[in-house]
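Fold and geometry: a report
Take a look at the letters that make up each chain.
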Amino acid sequence: MTFTIDELDMPESLDAPGGHEFIEYATVRNAIESHTLGTDLLAMGAEEMLAEYRNNPHRVRQHFVVREADAVIGRALVTTRPHAPETGAYLMVDVLPEHRRRGIGQTLLDRAERVARRAAAPVLKVSVPHAVVPGGDRVEPPTGFGELPAGDDGVRFLQAHGYALEQVSRISLLDTPGLPERVAPLRDAAGAVAGDGYRLTTWTGVTPDEWTADLAVLRTRMSTDAPMAGMVITEDLWDVDRVREHDQRIVASGRSIVTAAVEDVASGALVGFSVIVVSAGDPVAVQDDTLVLRDHRGWRLGMLLKSATAELLVTSAPEVEAIVTYNAEENRPMLDVNEAMGFRPIGYEGGWQKHV
Ligand SMILES: CC(C)(COP(=O)(O)OP(=O)(O)OC[C@H]1O[C@@H](n2cnc3c(N)ncnc32)[C@H](O)[C@@H]1OP(=O)(O)O)[C@@H](O)C(=O)NCCC(=O)NCCS
C-alpha cells in the first residue's frame, strides 16, 4: 500500500466544503496526542482547532495530510510569523502509531522543512508531547531541568533529524472539585503580602475596552519575559487590535475566557494577568498566559492571580472538572505556585530546535 501527501485547504467552517476532511485531520491529531500521553484529556474539539489553525495576521500556516486507502494516517503543520521571520518556523509531524517506521515521518518532515526554508526561516522549532516512560536512557536539555525518555518515537526521530532538545515543559492537571476551598487560604496569604498597593480585577469574556492597551503590553512581554531556555525568541508585538482579534477568535469558536489581572494602584496600569480558556462541553479548561511584569515580582502576585482565576473559573463554568497548564521545568517560581495549588504532572513536552 502506498501513501499520498496533499496540502489541506482550510475550510470556512466544519459544515463547508472541506469540513469533513478537516474533522478527519483533527481526529488524527487528537489520536496521536492521546496515544503519546496515555489519555485523551487534552483532545481539542474540531471547531476550536479550526479557529486556531486558520491563518491570522500574526500566524501563517500550511497543513499536509497523509492518506492511505482513503483514510488519513498522518499530518504535518508548518507555522511562520510574517512579522518576525527571524524567529523561525514551528513544525509538527504526526503519524498514527500503526503506520510508523515506514518512512512516512521523514517524508512529511522533508516537506515541512522545505516550506520553512522557502519562507527563509533561519531556525526550525518543534514543541511536542512525549511519552512518560520511567527509567531507561534519558535525554536532558542544556538547562539541566527535566528529561525525556531517549526511546520515545518522537525523541528518536527528532534527534535523528538534527534537532536539539532545548527545553522540557511539564504538563500538569488540577482537579476543580473542592478547589475554591483549597485556594482561598493561598489567595488570602498572597493578598496580605501584596498589600494595598495592588488591586485585583477579574472579568469573563473579551477584554474590557479600558484594559485592552494594558493587555497588549502584558501579552507582548509574555513573549520575552517567560523562561525560554535556548530557544530563539523575538518579541511578539501585540496592540489593541490584536488583543481584540485574539479574544473574538476564541469567543467565536465557542470558547469562553476567564481573566484575573492586577492593577498597580500608583500608576493605574495592569502589571500582571492570568487567563483560563474554557471550551464548551470540554471538561478540561486550559490555563493560558500568566505573567507578572519583572518590576513587580516578589509580591506573591502570581499566586494571587492564579488562585483568583481558578476561583472565577469554578463559579463561571462549574461544569469544568480540571485545568491543564504547561510550564518550563526551569520556571521554579511558577511551578511553586502551581504545586501549592495542587497541580500534578501528567506528561512532558519537548522544545526542540534546529538551526538552518
Ligand atoms: C516521530 C514520528 C512522526 C515518526 O514517524 P514515522 O513515520 O515512524 O517516521 P519514519 O518512518 O520516517 O522514521 C522512524 C523510524 O523508522 C525507520 N524506518 C523508516 N523506514 C523504514 C522501513 N521501511 N522499515 C523499517 N524502518 C523504517 C527510520 O529509520 C526510523 O528509525 P529510528 O527510530 O531507528 O531512527 C511518529 O513517531 C509520531 O508521530 N510520533 C508522535 C509525534 C511526534 O513525536 N512527532 C515528532 C515531532 S515533529
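Remember, it's a predicted structure, so these values are computed and weren't measured experimentally.

What to know about the layout of surface pockets
- One number sums up the size of the second largest pocket: a volume of about 170 Å³.
- When the residues that make up the lining of the second largest pocket are grouped by side-chain class, the tally is 5 nonpolar, 5 polar and 5 charged.

Comments concerning the packing of aromatic side chains
- Under the criterion given, the structure shown has 2 aromatic pairs.
- Judged by centre distance (5.6 Å) and plane angle (25 degrees), the ring pair of Phe22 and Tyr25 falls under stacked. One end of the pair is Phe22 and the other is Tyr25, both in helix α1 (residues 19-37) and 3 residues apart, which spans about a single turn. Across this residue pair, the class does not change: Phe22 and Tyr25 are buried.
- Aromatic pair Tyr25 and Tyr53: ring centres 6.1 Å apart, planes at 85 degrees, arrangement edge-to-face. One end of the pair, Tyr25, is in helix α1; the other, Tyr53, is in helix α2 (residues 46-53), with 28 residues separating them in the sequence. No difference in accessibility class separates Tyr25 from Tyr53, as the two residues are buried.

Observations regarding empty space enclosed by the protein
- By the definition in use, this model includes 1 cavity of 30 Å³ or more.
- The volume enclosed by the largest cavity comes to roughly 50 Å³.
- If you trace the largest cavity, you find it lined by Trp203, Gly205, Val206, Thr207, Leu215, Arg219, Asp247, Ile257, Thr259 and Val275.
- Of all elements in the fold, only α6 (212-225) and β10 (255-264) reach the threshold of two or more residues within the lining of the largest cavity.
- Partitioning the lining of the largest cavity into residue classes produces 5 nonpolar, 3 polar and 2 charged.

Side note on the nonpolar core
- Leu301, Leu313, Ile323 and Met341 are the most contacted members of the largest nonpolar core, which has 45 residues in total.
- Contacts of Met341, omitting those with residues within four sequence positions, involve Leu174, Leu179, Arg182, Val183, Leu186, Met303, Lys306, Ser307 and Ala310.
- The next biggest cluster of nonpolar side chains, apart from the first, holds 44 residues, and it includes Val28, Tyr53, Leu96 and Val126.

Digging into unusual backbone geometry
- Not every positive phi belongs to a glycine, and Ala120 is a case in point at roughly 60 degrees.
- Mapped onto the fold, Ala120 is located in the loop between α3 (104-118) and β5 (123-130).
- Residue Arg300 is not a glycine yet carries a positive backbone phi of 65 degrees.
- Relative to the helices and strands, Arg300 is located in the loop between β12 (284-292) and α8 (301-316).
- Under the relative-accessibility criterion, Arg300 is labelled partly exposed at 41%.

Details of the site of the ligand
- In the region of the ligand, 18 residues are neighbours, and Val95, Arg101, Gly103, Gly105 and Arg156 sit closest.
- At 2.6 Å from an oxygen atom of the ligand is found a main-chain nitrogen or oxygen belonging to Gly103.
- Here the ligand loses 74% of its free accessible area of 930 Å² to cover by the protein chains.
- Looking at the shell around the ligand, the elements with two or more residues in it are β4 (89-95), α3, β5 and α4 (153-160).
- Top contributing element to the shell around the ligand by residue count: α4, with 5 residues.

Conventions and cut-offs
- Residues numbered from 1 in each chain as written.
- Predicted model: local features only at pLDDT ≥ 70, side-chain atom pairs only at ≥ 80, totals over all residues.
- Heavy atoms only, no water.
- 1 Å grid on protein atoms, 1.4 Å probe; cavity = no way out; pocket = protein on both sides within 12 Å on 5 of 7 lines; lining within 4 Å.
- Points joined across faces, edges and corners; volume = space filled by probe spheres on them.
- Nonpolar A, V, L, I, M, F, W, Y, C, P; charged D, E, K, R; others polar.
- Phe/Tyr/Trp six-rings, centres within 6.5 Å; stacked < 30°, edge-to-face > 60°.
- Helix = DSSP H or I, 4+ residues; strand = E, 2+ residues; numbered from the N terminus.
- Buried < 20%, exposed > 50% of the residue type's maximum accessible area, 1.4 Å probe, protein only.
- Core = buried A, V, L, I, M, F, W, Y, C linked by side-chain atoms within 4.5 Å.
- Contact = heavy atoms within 4.5 Å.
- Near = heavy atom within 4 Å.
- Polar contact = N/O pair within 3.5 Å; in protein donor to acceptor, adjacent residues only side chain to side chain.
- Areas by Shrake-Rupley, 256 points an atom, 1.4 Å probe, with all protein chains shown as cover.

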